[in-house]
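Secondary and tertiary structure notes
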Amino acid sequence: MELFVGEGNPHCLKVLAALEVTGVQCGVQFINHEEKVVPFLSRPALPALLLPSRQHLFSPNTICRYLFELNGPESSNQCNQWLEWEATVLQPVLFRALHMAVLQGKGSEEVAKVLQGPLNVLDQSLGKGSTTYLTGEAVSVADVVLWGALHPVLSDSSLALSAHQSVKAWFDRVAAERGCQSAAQKVLQGKGLEAMRSYMQKQPAPQSSQGRDAQPCNSSPAESEEGDRAVSEEEMEAAVLTWGKDLNACSQATEKQHPIMPQEGKRNVLITSALPYVNNVPHLGNIIGCVLSADVFSRYGRLRGWNVLFVCGTDEYGTATENKAREEGLTPKQICDKYHAVHSSIYKWFQIDFDFFGRTTTEKQTEIAQDIFWRLQKNGFLVEDTVEQLRCESCQRFLADRFVEGTCPHCSYPEARGDQCDKCGRLINAVELREPQCKVCRQTPVIRSSKHLFLDLPKLESQLEQWLEKSTSSGDWTANAKQITRSWLRDGLKPRCITRDLLWGTPVPHPDFKEKVFYVWFDAPIGYLSITANYTDQWEKWWKNPHQVELYNFMAKDNVPFHSVVFPCSLLGAQDNYTLVNHLVATEYLNYEDTKFSKSRGIGVFGDMAKDTGIPSDVWRFYLLYVRPEGQDSAFSWADMALKNNSELLNNLGNFINRAGMFVTKFFEGCVPVMELQQEDKKLLAVVGWELQQYIQLMDKVKIRDALKHILNISRHGNQYIQVNEPWKKIKGGESERRRAGTVTGVSVNIACLLSVMLLPYMPAVSQTIRDQLNAPQSCINTMLQGPGTFVCALRAGHRIGAVSPLFQKLEADQIEALKKRFGGQQVQIGASARPAAVPAPAAVAKVQAAVGSDPEKAKQLAKAVAEQGDKVRALKSQKAEKDVIAGEVAKLLDLKKQLALAEGKNPEPAPQKGKKK
């Protein structure tokens, strides 16, 4: 094993301390924070632990738990609760405190004030307990994690701990443990907080005065929750005033009136999702990167009162369609019809609410593409040139870029495509590839000359840069979109070929090129226009109206240059007042477990398979949005999906909404009780209102994943509010206690109503179910998200709710394990083929093996398999996977160990222990 850490990183202090305390044998490398260790993450992540199986752990707490459980017992529930508290409550507060102390030079008094809430919790718990450490008489992983997290601030002598004597005593005891101080010395170099300056400068600053949005490295959306937030009297007073307001009387029409057209005085928002290629059944990464993200934002925009049009469709021209048609014995048109229906069905199941889902094989596409072509020709932005192309003599045709594969001439990546290298991102011409191969027949193609038309990008570069400067500064472009676009401009633009020697495509109208069609990356983005034109004859009111329309493009990062450079240049050169993109929203990549999606190898979940899992589409939507690769690559994980479903949806969100509704039904005969607000209730209204404001600010900026955490925060606040007030007990008490139970129930059910509105973009079916159960007025949808956020009392006293039932179901371990196997491809287990059909008794096996002798080569293979399976078991334990899942993997490990013993010529059964007293 190898542990990678960096100086000045507080998370590295934790894991290094855990390594020292446990005494686990492991190499340690101190590296620069900018170095990438985990290959499938797009950004550097420290600390990181490389396992013998070559897998990586990069969550600090998971690494610490793994090290403790490597040679010790499994972490207790109490220990795990402390780790959860450290990640979700302590870390965000600490991040703000460190930012204040290290970068802002704030004094100890201000820093202590920020830490007051979590330190009070820790002090009270330690004071009440009768044990030396957090969970017992021995140091646990919880002690080391909390000590390591707090060390940078609590070791500062200027920070008085007089009010937290129990914390001070505990902190000193842990510090005295072997290795803790040496770990701190190695990470902080004896410089204290100053050692962290370089690390902290690279972290995003807190986005508000409360620092709620700041995310420490490696944290998930739910791990940015903070503990008690100071609420002022003014905030409470404002929240109560808002609470008392009426729902919008003149609510907007809930049914969309088609065709949707731009309206004067409205915010007119045109949303496009990258057109999926018709032959590729979309996998989960395609869905979250394009259509699902766009769908969430379009639904949100309508809740905000914007005038939204959301269009998409299948990209249908090109060689891939011709090939697919040949394979299936159909015409290209028949293939497009068939797979367009497949795409439509998938998106309908995922509840993607397009205003129009079209296709590119239409007369409108030909008409508009040819019009833009002639305008470019007239304006002098097209040039002719003779180019060398790859032609496959075996297939008897010129090869489209996607059907050539070879070694990248820039970075030597062996699987570069004919148009772009997926590894270095550079654009290439197919003839530049080293050792090219036809992907259809695997023969080596030959170079042939052909005359083509090019878009003169260098001639348009000045116009493009002027437009980009304005669009990127005023719009919400994701960081990767800006970076990729800058890299294109930095390298200098070159003429881009817009024609191809193919049959299936939009025909080039020029008489000298009548045998050619438009190249897909000139033609396909024009599909946005033609699809809108097939939706309404007045399409130009959207696409030739830049002063009244805002355009959002959603895509994965590999599509960025064609939307930020090539397509805008086509429209700028056409000089016809086209609407250009204002906000370019690009995701990173979503991986599948620890690898890539692969239809051919049966790895990963594809859109047409998700509905066969029995998991509702809203749960799929929730999890994909929870792990949305917003700022860096992320990975779909079955174990994590089950964990998030069971913890966040079932135990947090669903539990709160169900309890709130059930209390109304059970204690108040289905009618919302009278609410007499006390100080505690007013504070909750202010906190919930603040979370709503953060949600709106983030969603306005298309921070879809980050906004989701504020929904979950609200339900956490609600659960805590119910738990503290115990309405099920108070309802049995005197008159004042019964009134208190009524207030708590009424406030809770109104928070549930708010959550139903906030959830609508993410989980539309669940949102509708909640509103049906609460019998919520339709006008609540058009009220809650207005302005900066309007949390009104939508369900007044006397309002009768409907029948209440659970919203979510638990995902069981055996169900998840079966799905993981089903979508994991054909994995060959080492030793599986060597296992006999009938296994003889152990003693007989030992005798036979002794007679036959050992098998060193097989033993070597099995030893490796045992090590890898052992890593897998320990990783599952450290990640707190379901017990049934762990038990299944342990059984595999024991079986492999027996096979290893046989291969080594040993008795596979353990020797009986002698002399053990009963």
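The structure this text deals with has already been given above.
What you see is a predicted model, and the numbers here were worked out from it, not measured in a lab.

On to the pairing of strand β17 (residues 549-556). Among the eight residues of β17, seven are classified as buried, and the element is accordingly described as predominantly covered. When strand β5 (residues 268-273) meets β17, the two strands line up parallel, connected through six bridges. The residue bridging L270 from the neighbouring strand is L551, located in β17. Where β17 meets strand β18 (residues 583-587), five bridges bridge the pair, whose relative direction is parallel. Looking across to β18, one finds that F554 is bridged to V585. For the crossover from β17 across helix α19 (residues 560-574) to β18, the handedness is right-handed.

Another aspect to go through is unusual backbone geometry. Note that the residue after L46, namely P47, is joined by a cis bond; omega there is 0°. Inspection of the secondary structure puts P47 in the loop between β2 (27-30) and β3 (48-50). The phi dihedral of E726 falls on the positive side, at around 45°, and the residue is not glycine.

The strands that make up a sheet are held in pairs by hydrogen bonds between backbone atoms, and each pair lies either parallel or antiparallel. Ordered by their spatial adjacency, five strands build an open sheet running β7-β6-β5-β17-β18, and the pairing between neighbours is parallel. Looking at the sheet topology across the chains shown, the edges are occupied by β7 (356-359) and β18. For this sheet, the mean inter-axis angle between neighbouring strands, taken without regard to orientation, is 20°. Both β5 and strand β6 (residues 307-314) contribute to a ladder of five bridges, which runs parallel. Within β6, the residue paired with V269 across the bridge is V308.

Taking strand neighbours across the sheet as the criterion, the four strands line up as β9-β8-β13-β14 in an open arrangement whose pairing is antiparallel. At either margin of the open sheet sits one strand with a lone partner, and together these are β9 (397-398) and β14 (496-497). Where strand β8 (residues 382-392) meets strand β13 (residues 446-455), 10 bridges bridge the pair, whose relative direction is antiparallel. Across the sheet, the residue bridging to L390 is I447, located in β13.

For the rest of this paragraph, the subject is the packing of aromatic side chains. Counted under the stated rule, the structure contains 33 aromatic pairs. On the basis of an interplanar angle of 75° and a centroid distance of 6.3 Å, the ring pair of W488 and F562 is categorised as edge-to-face. Here W488 is found in helix α15 (residues 479-491), whereas its partner F562 is found in helix α19, with 74 residues between them in sequence. A single burial state applies to W488 and to F562, both of which are buried. Above the plane of the ring of W306 lies R267, whose end atom (NZ or CZ) is 4.1 Å from the centre. Residue placement shows R391 over the ring face of F398; its charged tip is 5.4 Å from the ring centre.

A separate point is the pattern of salt bridges. Counting across every chain of the model gives 41 salt bridges. Residue K256 pairs with D353 through a salt bridge whose shortest N-O separation is 3.2 Å. Taken together, the residues K256 in the loop between α9 (233-243) and β5 and D353 in the loop between α12 (332-349) and β7 connect sequence positions 97 residues apart. Relative accessible area serves as the criterion here: at 28%, K256 is assigned to the partly exposed category. Among the ionic pairs, R417 bridges to D422, the shortest N-O distance being 2.9 Å. Look at R417 and you get partly exposed, because its relative accessible area is 25%. Its relative accessible area of 47% is what places D422 among the partly exposed residues. A single network of salt bridges, built from pairs that share partners, joins D371, R375, E540, K544 and D576.

What follows covers the nonpolar core. Buried together is how nonpolar side chains tend to be arranged in soluble globular proteins. Formed by 178 residues in total, the largest nonpolar core has its most connected members in I372, W620, W638, Y695, Y762 and L785. When residues of this core are assigned to their parent elements, the largest contribution, 12 residues, is made by helix α26 (residues 735-759). Look past the residues within four positions of Y695 in its chain and what remains in contact with it is Y300, A707, H710, I711, M758, P761, Y762 and L785. Listed in part, the 76 residues of the second largest apolar core include V37, L70, L193 and M196.

About the criteria used
Residues numbered from 1 in each chain as written. Predicted model: local features only at pLDDT ≥ 70, side-chain atom pairs only at ≥ 80, totals over all residues. Heavy atoms only, no water. Buried < 20%, exposed > 50% of the residue type's maximum accessible area, 1.4 Å probe, protein only. Helix = DSSP H or I, 4+ residues; strand = E, 2+ residues; numbered from the N terminus. Pairing = 2+ DSSP bridges. Right-handed = clockwise from strand over helix to strand, strands pointing away. Axes fitted to C-alpha atoms, helices over the stretch in contact; angles between N-to-C directions. Phe/Tyr/Trp six-rings, centres within 6.5 Å; stacked < 30°, edge-to-face > 60°. Lys NZ or Arg CZ within 6 Å of the ring centre and 35° of its normal. Salt bridge = Lys/Arg side-chain N within 4 Å of Asp/Glu carboxyl O. Core = buried A, V, L, I, M, F, W, Y, C linked by side-chain atoms within 4.5 Å. Contact = heavy atoms within 4.5 Å.

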